[in-house]
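One-letter residues, chain by chain:
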Amino acid sequence: MEPMRVPAAMIDPFQRAITYLRVSVTDRCDYRCTYCMAENMSFLPKKDLLTLEELNRLCAAFIAKGVRKMRLTGGEPLVRKNIMHLVRTLGKRLGSGLDELTLTTNGSQLARFADELYDCGVRRINVSLDTLDPVKFHQITRRGDLDEVMEGIDACQKAGLKIKLNAVALKGFNDAEMPDMIRFAHGRGMDLTVIETMPMGEVEEDRTDRYLPLSKLRADLEQQFTLTDTGYRTGGPARYVRVKETGGRLGFITPMTHNFCESCNRVRLTCTGMLYMCLGQNDAADLRSTLRATQDHDALHAAIDEAIARKPRGHDFIIDRTQNRPAVPRHMSVTGG
Ligand code: SAM
Ligand code: SF4
């Protein structure tokens, strides 16, 4: 029998090894966060979505080509029907190719899924939470219930899942609350990462009004906390500081004020099989047509290679203050952040 060929690893034109795949498993969500989506979103017709089996086939191809870490995101990954089936199937690859399987979630369904996620091999998850005030939470998500998310966080910690909180920094919305969020997160043994808003997709509000450079947030926090830079990295774009007063870690993700592209190790797959080589660029490769045209692994690997060869050096997000148009027309929920 002919020995199975090991497909070549993915090295992009700038010699960056691609070892991290983010998979947006659905564009749908039970929330409509004001900076992420418009109130009236039109979602994709079902026929355009990859089935869970097709998503699994694509994920397997990426693992064969050197992906070690995979993150499921969306939209809200936990609202996709039967998503735990995919989580379980991918979880079986942990230890044989895959080092980590994780997800980013708004937390609304976590109370239901925490134990099962742990059972499938998930050990860490990111929960997005922009405020601790139930009224403001309902306002920013346009429909969320903070109690549900808090129950989800409790359930995860009980199940043994490690949580990192992500908060989008929004001027005049949660900047004054950040010290409380730091104390809450660190008091519960969770890291907290703050993210600058990125100009992606049309939303109703004016993002330039809400944009808060994290250099400003950091300076404000330093009025009451002692922040020490650390070399701690999770392989992503966050830069972490240690907060002396709480003993916890605080991360900053600054796509707008800082470029972190030189060490980018990731690509993003959408639920329709489009592969985005950069979050901040429009170019994407259609892997669905190859996937549906043939069962041949080599053809799929070749399509992936062709896409990776197009990975750009970096993004060029700019907030166009004169036109107030997003730099990238698709919403964050397409690629999942
Ligand atoms: N629904 C899940 C959630 O909220 O965690 C996963 C998908 S969501 C698109 C992933 C992350 O992107 C969230 O932390 C969200 O706050 C962030 N996000 C969405 N739109 C953004 C924007 N325009 N700028 C910066 N972050 C954004
Ligand atoms: Fe949904 Fe996440 Fe976007 Fe909020 S940020 S609307 S929870 S996809």
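One can find the structure itself at the top, above this paragraph.
Below is a summary of the structure that appears in this document. What you see is a predicted model; the values in this text were computed from it and never measured. (Residues numbered from 1 in each chain as written. Chains lettered and ligands numbered in written order. Predicted model: local features only at pLDDT ≥ 70, side-chain atom pairs only at ≥ 80, totals over all residues. Heavy atoms only, no water.)

**Overview of the pairing of strand β9 (residues 249-253)**
Counting buried residues along β9, five of its five residues qualify, which places the element largely inside the surrounding structure. Covered by surrounding structure in β9 are R249, G251 and I253 together with L250 and F252, the residues of both alternating faces. Sheet topology note: the strand β6 (residues 191-195)/β9 ladder contains four bridges and is parallel. Note that in β9 the partner of I195 across the bridge is I253. Bridging between strand β8 (residues 239-243) and β9 involves four bridges; their strand directions are antiparallel. Bridge pairing in β9 places Y240 opposite G251. Between β8 and β9, which pair antiparallel one after the other, the connecting turn spans five residues, and G247 there sits at a positive phi close to 80°. (Buried < 20%, exposed > 50% of the residue type's maximum accessible area, 1.4 Å probe, protein only. Helix = DSSP H or I, 4+ residues; strand = E, 2+ residues; numbered from the N terminus. Pairing = 2+ DSSP bridges.)

**Some remarks on the site of ligand 1**
Y35, G75, T104, S128 and M198 are the nearest of the 17 residues found near ligand 1. Contacts to ligand 1 include E76, whose side-chain N or O atom sits 3.3 Å from a nitrogen atom. Burial of ligand 1 by the protein amounts to 94% of the accessible area it has alone, namely 540 Å². Considered class by class, the residues forming the shell around ligand 1 number five nonpolar, nine polar and three charged. (Near = heavy atom within 4 Å. Polar contact = N/O pair within 3.5 Å; in protein donor to acceptor, adjacent residues only side chain to side chain. Areas by Shrake-Rupley, 256 points an atom, 1.4 Å probe, with all protein chains shown as cover. Nonpolar A, V, L, I, M, F, W, Y, C, P; charged D, E, K, R; others polar.)

**A short note on the packing of aromatic side chains**
All chains considered together, the criterion is met by two aromatic pairs. With a centroid separation of 5.8 Å and an interplanar angle of 85°, the aromatic rings of Y31 and F137 are classed as edge-to-face. You can see Y31 sitting in the loop between β1 (20-24) and α1 (52-64) and its partner F137 sitting in helix α4 (residues 134-141), a full 106 residues away along the chain. F137 carries the same exposure label as Y31, and that label is buried. Relative to Y240, the ring of Y232 has its centre 5.0 Å away and its plane inclined at 75°; by these criteria the two rings are edge-to-face. (Phe/Tyr/Trp six-rings, centres within 6.5 Å; stacked < 30°, edge-to-face > 60°.)

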